[in-house]
Amino acid sequence: MTGKSELFLDGMKIFLRDADNKKTLLLDTLDVKNNRGRLRMQAIMKDEGGNEYLAYPFAEALMGAWKCLESDCHRVMLILIAKYLIEKPRDIKIAFDCEKTEPIKTIDEFIKMFSEKNQICVMNVEENINMIPRNRFDMVIAIDKISCEAALSVKSHGEVIFVSSHGDDAQLSRLGIEPASSYRLGENECIFVCRMTPSKWQDIYGMTVDGAIDELAEAADVEINALGNELRHATREQMGVLIKRMAEIESALVTLYPMRSSVTIKCTANRLKSDMIDYALASAEIDEVMKSYSVFLADWEDG
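Only a predicted model underlies this, so the values are computations on that prediction, with no experimental measurement involved.

### Considering the overall build of the chain
For step 1, the next point in the chain: Within the chain, the secondary structure is distributed over 10 helices and 11 strands.
For step 2, the next point in the chain: Rg of the C-alpha trace for the chain: 29 Å, well past the compact-globule value of 19 Å for 303 residues, more than 25% over.
For step 3, the next point in the chain: Residues classed as buried in the chain amount to 45% of the 303 residues present.
For step 4, the next point in the chain: Of the roughly 16100 Å² that the chain leaves accessible, carbon and sulfur atoms contribute 49%.
For step 5, the next point in the chain: Charged side chains in the chain number 37 positive and 50 negative. The centres of these two groups are separated by 5 Å.

### As for the pattern of salt bridges
For step 1, the next point in the chain: On inspection of all chains with the given rule, the structure shows 15 salt bridges.
For step 2, the next point in the chain: For the salt bridge of arginine 17 with glutamate 6, the shortest nitrogen-to-oxygen distance reads 3.0 Å. Of this pair, arginine 17 sits in strand β2 (residues 13-17) while glutamate 6 sits in strand β1 (residues 6-10), and the two are 11 residues apart along the sequence.
For step 3, the next point in the chain: Overall, the relative accessible area of 24% leaves arginine 17 in the partly exposed class.
For step 4, the next point in the chain: For glutamate 6, a relative accessible area of 38% gives the class partly exposed.
For step 5, the next point in the chain: Of the charged contacts, one joins glutamate 159 and arginine 195 as a salt bridge, the two residues approaching to 2.4 Å between their closest N and O atoms. One end of the pair, glutamate 159, is in strand β9 (residues 154-164); the other, arginine 195, is in strand β11 (residues 190-195), and 36 residues separate them in sequence.
For step 6, the next point in the chain: Judged by relative accessible area, which is 32%, arginine 195 ranks as partly exposed.

### Some remarks on unusual backbone geometry
For step 1, the next point in the chain: The backbone of asparagine 135 sits at a positive phi, close to 55°, despite the residue not being glycine.
For step 2, the next point in the chain: Residue alanine 282 is not a glycine yet carries a positive backbone phi of 65°.
For step 3, the next point in the chain: Mapped onto the elements of the fold, alanine 282 is located in the loop between α9 (265-280) and α10 (286-301).

### Thoughts on the sheet that holds β2
For step 1, the next point in the chain: Within the open sheet, the three strands sit side by side as β1-β2-β3. Their pairing is antiparallel. Of all strands in the sheet, those with a lone pairing partner are β1 and β3 (23-28), marking the two edges. Averaged over all adjacent pairs, the angle separating strand axes in this sheet is 30°, with direction ignored.
For step 2, the next point in the chain: Across five bridges, β2 lies against β3 in antiparallel orientation. Bridge pairing in β3 links arginine 17 to lysine 23.
For step 3, the next point in the chain: Contacting β1, β2 and β3, helix α1 (residues 57-68) crosses the sheet at an angle of about 45° to β2.

### Overview of the environment of lysine 155
For step 1, the next point in the chain: Relative to the assigned elements, lysine 155 resides in strand β9.
For step 2, the next point in the chain: When the C-alpha atoms of lysine 155 and isoleucine 277 are compared, they prove to be 48 Å apart, with 122 residues separating the residues in sequence.
For step 3, the next point in the chain: Beyond its immediate sequence surroundings of up to four residues, lysine 155 is in contact with Asn135, Arg136, Phe137, Asp138, Met196 and Trp201.

### So, the pairing of strand β10 (residues 181-184)
Put simply, side chains in a regular strand alternate between the two faces of the sheet.
For step 1, the next point in the chain: Pairing of β10 with β11, which is carried by four bridges, proceeds in the antiparallel orientation. Its bridge partner lying in β11, serine 182 is registered against phenylalanine 192.
For step 2, the next point in the chain: Where β10 folds back on β11, the antiparallel hairpin that results is connected by five residues.

### Things to note about the packing of helix α2 (residues 72-85) against helix α3 (residues 102-112)
For step 1, the next point in the chain: At a minimum axis separation of 11 Å, α2 and α3 run at an interaxial angle of 20°. Looking at the two axes, α2 sits roughly parallel to α3. Our pair here, α2 against α3, has a crossing hand that is right-handed. On the side of α2, the interface is formed by His74, Leu78, Ile81, Ala82 and Leu85, while α3 contributes Pro103, Ile107, Phe110 and Ile111.
For step 2, the next point in the chain: Considering only residue class, the contact of α2 with α3 consists of eight nonpolar, one polar and no charged.

Rules of the game
- Residues numbered from 1 in each chain as written.
- Predicted model: local features only at pLDDT ≥ 70, side-chain atom pairs only at ≥ 80, totals over all residues.
- Heavy atoms only, no water.
- Helix = DSSP H or I, 4+ residues; strand = E, 2+ residues; numbered from the N terminus.
- Rg over C-alpha atoms; globule rule 2.2 N^0.38 Å.
- Buried < 20%, exposed > 50% of the residue type's maximum accessible area, 1.4 Å probe, protein only.
- Areas by Shrake-Rupley, 256 points an atom, 1.4 Å probe, with all protein chains shown as cover.
- Lys, Arg positive; Asp, Glu negative; His and termini not counted.
- Charge placed at Lys NZ, Arg CZ, Asp CG, Glu CD.
- Salt bridge = Lys/Arg side-chain N within 4 Å of Asp/Glu carboxyl O.
- Pairing = 2+ DSSP bridges.
- Axes fitted to C-alpha atoms, helices over the stretch in contact; angles between N-to-C directions.
- Contact = heavy atoms within 4.5 Å.
- Parallel < 35°, antiparallel > 145°, perpendicular 65-115°, else oblique.
- Left-handed = near helix turned anticlockwise from the far one by under 90°.
- Nonpolar A, V, L, I, M, F, W, Y, C, P; charged D, E, K, R; others polar.

Read these as spatial facts, not as claims about activity.
Structural data, given as structure tokens:
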């Protein structure tokens, strides 16, 4: 598809029409059945004279914000946020990975109509990489670039909205994120909507240094416990292989040591390996090895 898309209203419904005249329904502002949010779609009101009339609070709030936004990109963002807000009654925190602009102020005023607790946080991930909280925001909106840290700041059941001025989702693919839907606004601008899941969040976390360290710690934990089970029945001839595995555990501890609470873990690990070597050389008994293992295991389990 080439050419510019067009946002238009048909009654109380908002559509996106592409250059091939294909229409996509973005939002029905009178879809009362699916509105579980805090702003009603229909309400009986009274005028100054006490006469009743039918009002449309949700549509009026949306259209009020719509008129203040000049670009279709910001209007689609507004609609996507509105759809999120009517899914269920909830307080939400939204992060914009960009500079603060007037449109963001308009969107902030709109979400406050649902709840004063709703918040927008504007952040520049590149400048504040060490201050970005993880698993905090219900929605993260990124423009042209999204890092692991920006994606991880969304909750494991939240939503990522990615705006690409290049029209592709390469940035999302790099993180292993598959868009649930997309809206093309022109030849070079596209908005991708992605729902996070706990497993997807964990996969992205695994790409970070912290994630890699956690993975190393989990693998070490499995190996340490497996080693203990095998030591109990090991002969002197079998100890050579186990000593090599203990040396690999020690190598992992070099990386993990700064993150552990124990100050003696490297010493107790070295003592265990030394006793394993003595047992292999017939200068120690298996009971001594198991005693050293128990001390090392307790040290490890203390964190």
